[in-house]
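Close look at the chain arrangement
What follows is each chain in one-letter form.
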Amino acid sequence: MTVDREVMGEGDRADEVSTGTVVAYLVAAVLLLGWFLFGWLVLRQGFVSSLGETAGTAFTLLLVVSIVGTVRRSRR
C-alpha cells in the first residue's frame, strides 16, 4: 500500500523529518561506527566487546533523543 501526497493532504507536512535531523542521525551513525572500529582495531578489546560497547552507546543515545523529543512535544 502506498500513500501519495495528495491523499495525505497538506496538514500532515509537520510530521516530515527535517534535513537537519537526517544529517544529525548520519553523523551519529558515523561516530558510532568510528567508536566501534576504534575499540576493535586500536584498543584491541575484541569484536564482541566493541560491538556491545557500541550498542550500549547507541541505545543510550536513542534514550536521550527520546527524552528530548518528549520534552519538546509536551511544550507544544
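Anyway, here's the lowdown on the structure attached to this text. The structure presented is a predicted model; accordingly, all values stated were derived computationally and were not measured. (Residues numbered from 1 in each chain as written. Predicted model: local features only at pLDDT ≥ 70, side-chain atom pairs only at ≥ 80, totals over all residues. Heavy atoms only, no water.)

A closer look at the layout of surface pockets
Put simply, the test is: Any residue with an atom within 4 Å of a point lines the site, the site being either a cavity, points on a 1 Å grid over the protein atoms alone where a 1.4 Å probe fits but cannot get out, or a pocket, an open set with protein on both sides within 12 Å along at least 5 of 7 lines. Grid points are joined across faces, edges and corners, and a volume is the space filled by probe spheres set on the points. Counting from the N terminus, the helices are the DSSP runs of H or I reaching at least four residues and the strands are the DSSP runs of E reaching at least two. Residues are grouped as follows: nonpolar covers Ala, Val, Leu, Ile, Met, Phe, Trp, Tyr, Cys and Pro; charged covers Asp, Glu, Lys and Arg; every other residue, Gly included, is treated as polar.
When its volume is computed, the largest pocket comes out at roughly 710 Å³. In terms of lining, the largest pocket is formed by 20 residues, of which the most central are Val17, Thr21, Tyr25, Val65 and Arg72. Where the lining of the largest pocket is concerned, the elements lending two or more residues are helix 2 (19-42) and helix 3 (47-74). Here the residues of the lining of the largest pocket sort into eleven nonpolar, four polar and five charged.

Concerning the packing of aromatic side chains
The condition that has to hold: Here a pair means two rings of Phe, Tyr or Trp (six-membered ring of Trp) with centres within 6.5 Å. Their orientation is stacked below 30 degrees between planes, edge-to-face above 60, and tilted elsewhere. Residue exposure (1.4 Å probe, protein chains only): buried if accessible area is under 20% of the type maximum, exposed if over 50%, otherwise partly exposed.
Taken as a whole and assessed by the stated rule, the structure comprises three aromatic pairs. Seen in terms of ring centroids, Phe36 and Phe47 are 5.6 Å apart; in terms of plane orientation they differ by 85 degrees. Their pairing is edge-to-face. Of this pair, Phe36 sits in helix 2 while Phe47 sits in helix 3; the two residues are eleven residues apart in sequence, bridging distant segments of the chain. On the accessibility criterion, Phe36 (11% relative accessible area) is buried. Classification of Phe47 as partly exposed rests on a relative accessible area of 42%. Each residue in the set Phe36, Trp40 and Phe47 is aromatic and connected to the rest through ring pairs, giving one cluster.

Interpretation note: all reported values are geometric properties and have no functional meaning in isolation.
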